[in-house]
Amino acid sequence: MPNNLFRVAVVGAGETGTPLLRKLLAAPFVELLGVADLDPEAPGMTLANHRDVKTTTNFHELAQLGEQLDVLIDVTGVPAVRDGLRKAMQETGNHHTVIVHEMVVQLMLSLLNGELVKLKHDTQDY
């Protein structure tokens, strides 16, 4: 079933998350429901705040959005965050939200830019 609107949240608002956030905010078919980063002053957090998007330093708040959220994008490069997101989805019984990690984001950004985009984090930990 095709979507007309993707409800998205992003975990990680630094070097990888910020360019992604710019693309998401510019897309008329994306509703950005929230951004999480441990650093409230991270560039993506500032960008989200300026655009009146919910920000938090606790990624669990985004996972708790449940089935309101279509896609939860993790670009932290921290395996424990990805594991925590999976656990939160299992605990809440959320079978709707898709968790996307940074390797997929790297592929999508590279396709959009027409060349390989290097990310700060190494994806081998996944």
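Before reading on, note that the structure itself is shown above.
## Observations regarding the nonpolar core
Argument step 1. Within the largest apolar cluster, 23 residues are counted, with the highest numbers of intra-cluster contacts made by Val-8, Val-10, Leu-24, Leu-32, Val-35 and Ile-73.
Argument step 2. Of all the secondary structure elements, the ones that give two or more residues to this core are β1 (6–11), α1 (17–26), β2 (30–36), α2 (43–50), β4 (71–74) and α5 (102–113).
Argument step 3. In terms of residue count, the dominant contributor to this core is α1 (4 residues).

## Details of the pairing of β2
Argument step 1. The element β2 is largely enclosed, with a buried count of 6 among its 7 residues.
Argument step 2. Sheet topology places β1 next to β2; 6 bridges connect them, and they run parallel. Residue Arg-7 lies in a different strand from β2, and its bridge partner there is Glu-31.
Argument step 3. Crossover connection from β1 via α1 to parallel β2: handedness right-handed.
Argument step 4. In terms of strand pairing, β2 meets strand β3 (residues 55–56) through 2 bridges, oriented parallel. When the bridges of β3 are listed, Ala-36 appears paired with Thr-56.
Argument step 5. Read as a crossover between parallel neighbours, the route from β2 over α2 to β3 is right-handed.

## Remarks on the sheet that holds β4
Argument step 1. Taken in spatial order, the 5 strands of this open sheet run β3-β2-β1-β4-β5, and their pairing is parallel. Edge positions in the open sheet fall to β3 and β5 (98–101), since each of these has one partner strand only.
Argument step 2. For β4 and β5, the ladder comprises 4 bridges, and the chain directions are parallel. Residue pairing in the sheet places Leu-72 in a bridge with Ile-99 of β5.

Scoring rules and cut-offs
- Residues numbered from 1 in each chain as written.
- Predicted model: local features only at pLDDT ≥ 70, side-chain atom pairs only at ≥ 80, totals over all residues.
- Heavy atoms only, no water.
- Core = buried A, V, L, I, M, F, W, Y, C linked by side-chain atoms within 4.5 Å.
- Buried < 20%, exposed > 50% of the residue type's maximum accessible area, 1.4 Å probe, protein only.
- Helix = DSSP H or I, 4+ residues; strand = E, 2+ residues; numbered from the N terminus.
- Pairing = 2+ DSSP bridges.
- Right-handed = clockwise from strand over helix to strand, strands pointing away.

Remember that the coordinates give geometry; whether it matters functionally is a separate question.
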